[in-house]
Structures are given as structure tokens and as C-alpha cells.
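Summary of the model geometry
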Amino acid sequence: MTGAAISIEHVTKRFPLKGQSAGVMALEDISIAVEQSEFVALLGPSGCGKSTLLRLVASLERPTEGTVSIGGEAPGSLAARHALGVAFQDHALLPWLNVHDNIALPFSLANKPVDREAVGGLIDLVGLNGFETARPGQLSGGMRQRVSIARSLVLSPEVLLLDEPFGALDAVTRRQMNIELQRIWSRQRITTVLVTHSVDEALFLADRVLVLSARPGRIIREVATPFDRPRDPAVMRSATFHDLVDDLTDALHPTDATAHAGR
Amino acid sequence: MARFFVLNWGILLILVAWEGWVAANDFNPIVMPSPQGVFMDMISNPGIYVENTSVTLFVAAVGLAGGLAVGTGLAILTWSSPLLSGIVSPTAVLFSSVPVVSLIPIIARILGYNMATEIAIVVIITFFPSFVFTTAGLRDLPHGSQDLFSVLGASRRATLRRLALPAAVPNMAIALRLAAAHAILAAMIAEFLMGTTGLGYLFAVTKQEFLTERAFGTSVVATAISVAAFLATSLLERRIRARFT
């Protein structure tokens, strides 16, 4: 068991908007409890506020109402003691650093000596052996995301936050990255929240999938995935998986739900 | 050899026309020297040219380094505090808007009629591009990197050192390229108006003494080192850009 539990209680987030005194409601009365070592996926249409929810947990935004706490602490204090790992859709690699130094960056920012073994181990884990001295500009999109994932794990964070980390990749690379992330995660089991709009990705990676409605974001569906870990990519071909995909797809697009209303 | 002519035929044509024009009108060298005369003066007095060129290059280089340091320092100040930014930016704009020629007597009063004043002039001319470009560069960060540093709990100082400054390096290289040619010009103006050595002084003196061939030779050298400085810094900028982006 590694990581800390995340508790989101009655969180509402409004963004100020010119001409509207109440502002735009991005999230409305959201409550989520993520257990220690649990992998939760947030699934929702574009603009439903799922990224905002993740930014609240990452201490990049503050809730208008309600509280977010991680292991009893405010998210900001977790960031301050370098216990958060994040990988966003923008890989945010520093172009002047090579692969090794980008992955080692969190050590420098935490004023810790670089653990070369940990960095080397992660380079190995994400399959970038031989690319240690390459710079981001020389890598493919998939490789950059792997560097970003490795960087998010290098300090053995208590909480891992992933915001569409593979959103910019093609379908084939994305599937491959999902399989790799599943393998990596199954070893470390850090409390993780993944934001995605891919149903397959959410089901294959998470222990629990939460579906958010369009703005303002509310949780409209919750599904616990019944697959064992470590997961074989073959589960994606099972009947249970396909049924869950249909189920969640319906929840995501309520307008086409009539055919499956009874489910 | 053929390549040399292809690349430089324009310059060669001007030299030939100039030589022909002077010969045809039979000008006195005091009025208008021929290219040949200028060239002869340069190769027969290498000591004078080398000595004054190295003084000018020294003043320009030290002043340029100082200007870049001052510009970068001010940019970091405005980056670290909005309050300081409110003071520094208008002052920098004001300072750079004052014609430098009018500043020379004032600075000379303070620092003396010597090389220190010349270097100060170069600093004043070169700090502004450095300040403007570095200020912009410190804010031109890779996408998402600010959020990353925030989530990773980076201190303000670490953010400056590991993110903002490296991100500003390509802009600093642009400032270097722009300022390098200005630095030589500024050094020469300062020497011309108040110096005792250097290319600017050599030009002023030879003009007064009707040594027109040497005055032209001085211009040739000044042009050559300005172009060389521009080419060298352009190359450096390309290298740096490739390394940092």
C-alpha cells in the first residue's frame, strides 16, 4: 500500500466571467473519496470540468466551496513537500534538458541529490534505454509522454495525477502506452487520478471509473472494474469489458441512451 | 577563386569604379584617396591600426559584457517583483531614450576623460536590448512548465534558475547579436568625441590632419570588425537557439 487517500468533499468551482455575477459553474457539489492505492479514472465530455477537478487536487486551483484534502493535508502542502506526481497532456518537458535530466528535474526542485539509480530504473521501465542523452526535440510524441510519466514517478509520489497524458497520441501508440502504464502502475500502486475522455483507457487502467456530466460537472455514474491486476491486454477483448464500454458510453452520451435505457 | 568573385563581385565593382573615378579626375589624396592608397596606408602602418583596433575592441567587449549583465540583472529584478518592475521599466526606457551624445559630457565629468567613460557609454547603449529581450524571455516559458514547477513545489529561486533563465537564453542571444554591432559603434563614438586612443580617436585625428587615406583605412577596419561581430554573434545565436529550443 503506497500513497495517500484523497478526499473531495462538496466541492463547487465557479470561474468569474464578465457580465455574470455568479460566474461560470464548472463543478457542482462534487464529493469523491479515493482510497489509498486506488486508481480512479474521471471520464467526461470536453468542458465538463474534469481537468479542473484534477487541478484542484494538484493545488493549481482553489475550490469556491468545499474542501479537498490528501491524507488529511491541504494539496498545497503536499506539493510543497514534493509528494505530488503529475503528467499532463502538454508533456511540459524542458527543451534544453536531455531525457535523463528532465526525469531528474524533480530531485533538483526538491533540493535532493539526484538518485541516478532511480532515474535509470525509470528510463528502463518506460523503455527509453539508449535515449538518455537525447533532447525532447529529437523524440517522438509517444516517447515524450513516456519521459513525462517517468518524471511524474521519480520522487515516488504519494499521489499521481494524470490529465489526458496520452490525449495527443495516435490510437496505436495510445493503446501501447496504456498497456505500459498499467504494467508500471501495477508494480507501484500509487494513489492515482486519471482524467480522460477515452472509455477504453479508463476501464483498462482504473479500479473505479467516475463519469461526469457536461457543465456543470456532476458525477452521474460510477463503475468498479472487475479485472484482476496485473491486467493482460486481452481483458480489452472480453465480453465484460465490451459491456462496460457500452454502459459507460451510454452514460457519456445520454442522447443515444434510449436503446440501452434498461441497462 | 571563381567562387570568391561570384560572392564579392559587387564590392570589387565598387572598388574598381572608385579607383577609376579618382584616376580620371586626378583627385588629390587629401580630397579623395584611391582604394589603392588606402590599402597601401593600411599595410605600411599595421602597428597603428592593430593598436587602435584592439583598444576599440576591448572597450566594446567590456562595455557589451557590462551592458548584457546590467540588462539581464534588471530583467531579473522586474521578474521577481512587480513593485520593482514599476520603477525599473520606465527608468530603463527613459535612460535609453536620452541621446547618448548628450550624456557623454556628464559621464565624463563623473568618471573622467578616459576609458572608463567610454565603457560606460557602451554599457548604456547595449543594456536596453538585453533588458527588453531578457524580460520577454523570462516570461516565454515552455507550455505547461509553470504548472509543473508549481506542482513539484519549486521555490521562486529554483523556478528562476531552472526554468525562467534557461528559457530566456535564446532571447539573450538575440540581444547579444543586436547589441554587438551597436557596441562597436558606441565605442567609436565615445572615442571620437572624447577619447585618446582607439579607432574613433584615430578617425577624428586623421581627419583633422588631412590624413584622408588613414581616415578611410580606419573606416574600413571599423566596418570589417562590425560585420565580423555581427556574423559571429549570428552564428552563436543559431547555435544557442538549436541548443535551447
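Before reading further, recall that the structure is shown in the block above.
Residues numbered from 1 in each chain as written. Chains lettered and ligands numbered in written order. Predicted model: local features only at pLDDT ≥ 70, side-chain atom pairs only at ≥ 80, totals over all residues. Heavy atoms only, no water.

Brief notes about the overall build of chain B
- On a plain count of helices and strands, chain B comes out with 10 helices and 0 strands.
- Along chain B, helices and strands appear, N-terminal first, in the series α-α-α-α-α-α-α-α-α-α.
- Its C-alpha atoms give chain B a radius of gyration of 22 Å, clearly above 18 Å, the size a compact globule of 245 residues would have.
- By its C-alpha atoms, chain B is 75 × 50 × 25 Å across when sized along the principal axes.
- The burial tally for chain B puts 42% of its 245 residues in the buried class.
- Intrachain contacts of chain B at a sequence separation of at least 6 include 72% that bridge at least 24 residues.
- In the structure as shown, chain B presents an accessible area of about 13200 Å², 71% of it carried by carbon and sulfur atoms.
- Seen as two clouds, the 14 positive and the 11 negative side-chain charges of chain B have centres 20 Å apart. (Helix = DSSP H or I, 4+ residues; strand = E, 2+ residues; numbered from the N terminus. Rg over C-alpha atoms; globule rule 2.2 N^0.38 Å. Buried < 20%, exposed > 50% of the residue type's maximum accessible area, 1.4 Å probe, protein only. Contact = heavy atoms within 4.5 Å. Areas by Shrake-Rupley, 256 points an atom, 1.4 Å probe, with all protein chains shown as cover. Lys, Arg positive; Asp, Glu negative; His and termini not counted. Charge placed at Lys NZ, Arg CZ, Asp CG, Glu CD.)

Overview of a nonpolar patch on the surface
All names here are of chain B.
- A surface patch of nonpolar side chains, amounting to about 430 Å² of accessible area, comprises V101, L185, I189, F192 and L193.
- The element that contributes the greatest number of residues to the nonpolar patch is helix α8 (residues 156-194), accounting for 4 residues.
- Relative to the assigned elements, V101 resides in helix α5 (residues 100-111). (Patch = residues over 30% accessible without salt bridge, like charges linked within 9 Å, V, L, I, M, F, W, Y side chains within 5 Å. Salt bridge = Lys/Arg side-chain N within 4 Å of Asp/Glu carboxyl O.)

Examining the packing of aromatic side chains
- Under the criterion given, the structure shown has 8 aromatic pairs over all chains.
- Ring geometry for F39 of chain A against W185 of chain A: centres 5.2 Å apart, planes inclined by 70°, an arrangement best described as edge-to-face. With F39 of chain A in strand β3 (residues 39-43) and W185 of chain A in helix α6 (residues 171-188), this pair connects stretches of sequence that are 146 residues apart. There is no split in this pair, since F39 of chain A and W185 of chain A are both buried.
- Geometrically, the ring pair formed by W21 of chain B and F27 of chain B is edge-to-face, given 5.1 Å between the ring centres and 75° between the ring planes.
- Judged by its relative accessible area of 29%, F27 of chain B falls in the partly exposed class.
- Three or more aromatic residues joined by ring pairs make a cluster, and in this case those are F127, F128 and F131 of chain B.
- One Lys or Arg, R243 of chain B, reaches over the ring of F244 of chain B and ends 5.7 Å from the middle of that ring. (Phe/Tyr/Trp six-rings, centres within 6.5 Å; stacked < 30°, edge-to-face > 60°. Lys NZ or Arg CZ within 6 Å of the ring centre and 35° of its normal.)

Some words on the environment of P136 of chain A
Residue and element names in this part refer to chain A.
- By the element assignment, P136 lies in the loop between α4 (116-125) and α5 (141-153).
- Each C-alpha atom of the pair P136 and W96 lies 8.1 Å from the other, and the pair is 40 residues apart in sequence.
- Dropping the residues within four chain positions of it, P136 is found in contact with L93, L94, P95, L97, N102 and R144.

Some thoughts on the sheet that holds strand β2 (residues 20-34) of chain A
Residue and element names in this part refer to chain A.
- Read from one edge to the other, the open sheet built from 3 strands follows the order β2-β1-β4, with strand pairing classed as antiparallel. Both outer strands of the open sheet, β2 and β4 (65-70), are each paired with one neighbouring strand and no more. Taking each pair of neighbouring strands and ignoring which way they run, the sheet shows an average axis angle of 30°.
- Of the pairings in the sheet, the one linking strand β1 (residues 6-17) to β2 comprises 8 bridges and is antiparallel in character. Across the sheet, K13 pairs through a bridge with L27, a residue of β2.
- In this fold helix α1 (residues 50-57) packs onto β1, β2 and β4, with an angle of close to 115° to the strand it touches most, β1. (Pairing = 2+ DSSP bridges. Axes fitted to C-alpha atoms, helices over the stretch in contact; angles between N-to-C directions.)

Side note on the layout of surface pockets
Residues and elements named next belong to chain B.
- Estimates place the volume of the largest pocket at around 350 Å³.
- Around the largest pocket, the lining residues are F4, N8, I11, L12, L15, W18, P35, V38, F39, M42 and V220.
- Counting residues per element, the ones that place at least two in the lining of the largest pocket are α1 (2-25) and α2 (35-44).
- Sort the elements by how many residues they give to the lining of the largest pocket and α1 lands first, with 6 residues. (1 Å grid on protein atoms, 1.4 Å probe; cavity = no way out; pocket = protein on both sides within 12 Å on 5 of 7 lines; lining within 4 Å. Points joined across faces, edges and corners; volume = space filled by probe spheres on them.)

Describing the sheet that holds strand β9 (residues 219-224) of chain A
Residue and element names in this part refer to chain A.
- One open sheet holds the 6 strands; their spatial order is β5-β6-β7-β3-β8-β9, and the pairing between them is mixed. Each of the sheet's edge strands pairs with one partner strand only, and the pair in question is β5 (84-87) and β9. Taken over all neighbouring pairs, the strand axes of this sheet differ in orientation by 15° on average, direction set aside.
- Sheet topology places strand β8 (residues 208-212) next to β9; 5 bridges connect them, and they run antiparallel. Bridged to L210 within β9 is E222.
- Each of β5 and β6 (159-163) is contacted by α5, which is oriented at about 170° to β5, the strand it contacts most.
- In the packing of helix α8 (residues 239-252) onto the sheet, the strands contacted are β3, β8 and β9, and the crossing angle to β9 comes to about 170°.

What about the interface of chain B and chain A?
- Taken together, the contacts link 21 residues of chain B with 21 residues of chain A.
- Taking both sides of the interface into account, the surface hidden between chain B and chain A amounts to around 1900 Å²; carbon and sulfur atoms contribute 67%.
- Among the residues of chain B in contact with chain A, L148, V151 and L152 of chain B are the three that bury the most area, contributing 34% of the side total.
- Where chain B packs against chain A, one counts 1 salt bridge.
- D147 of chain B is paired through a salt bridge with R55 of chain A; the nearest N and O atoms lie 2.8 Å apart.
- Applying the counting criterion to the chain B and chain A interface returns 4 residue pairs in polar contact (both at pLDDT 80 or more).
- Listing elements by their share of the side of chain B that touches chain A, those giving two or more residues are α7 (145-151), α8 and α10 (212-244) of chain B.
- Element by element, the count of residues in the side of chain B that touches chain A is highest for α7 of chain B, at 6 residues.
- For the side of chain B that touches chain A, the residue count by class is 12 nonpolar, 6 polar and 3 charged. (Buried area = accessible area lost by both parts, 1.4 Å probe. Polar contact = N/O pair within 3.5 Å; in protein donor to acceptor, adjacent residues only side chain to side chain. Nonpolar A, V, L, I, M, F, W, Y, C, P; charged D, E, K, R; others polar.)

So, the pairing of strand β7 (residues 191-196) of chain A
Residue and element names in this part refer to chain A.
- A large share of β7 lies buried, amounting to 6 of its 6 residues.
- On β7, burial covers both faces: T191, V193 and V195 on one face and T192, L194 and T196 on the other are all buried.
- Here 5 bridges tie β3 to β7, and the two strands are oriented parallel to one another. Within the sheet, the bridge partner assigned to A41 lies in β7 and is L194.
- Where β6 meets β7, 5 bridges bridge the pair, whose relative direction is parallel. Note that in β7 the partner of L160 across the bridge is T192.
- After leaving β6, the chain enters α6 and then returns to the sheet as β7, a path that is right-handed. (Right-handed = clockwise from strand over helix to strand, strands pointing away.)

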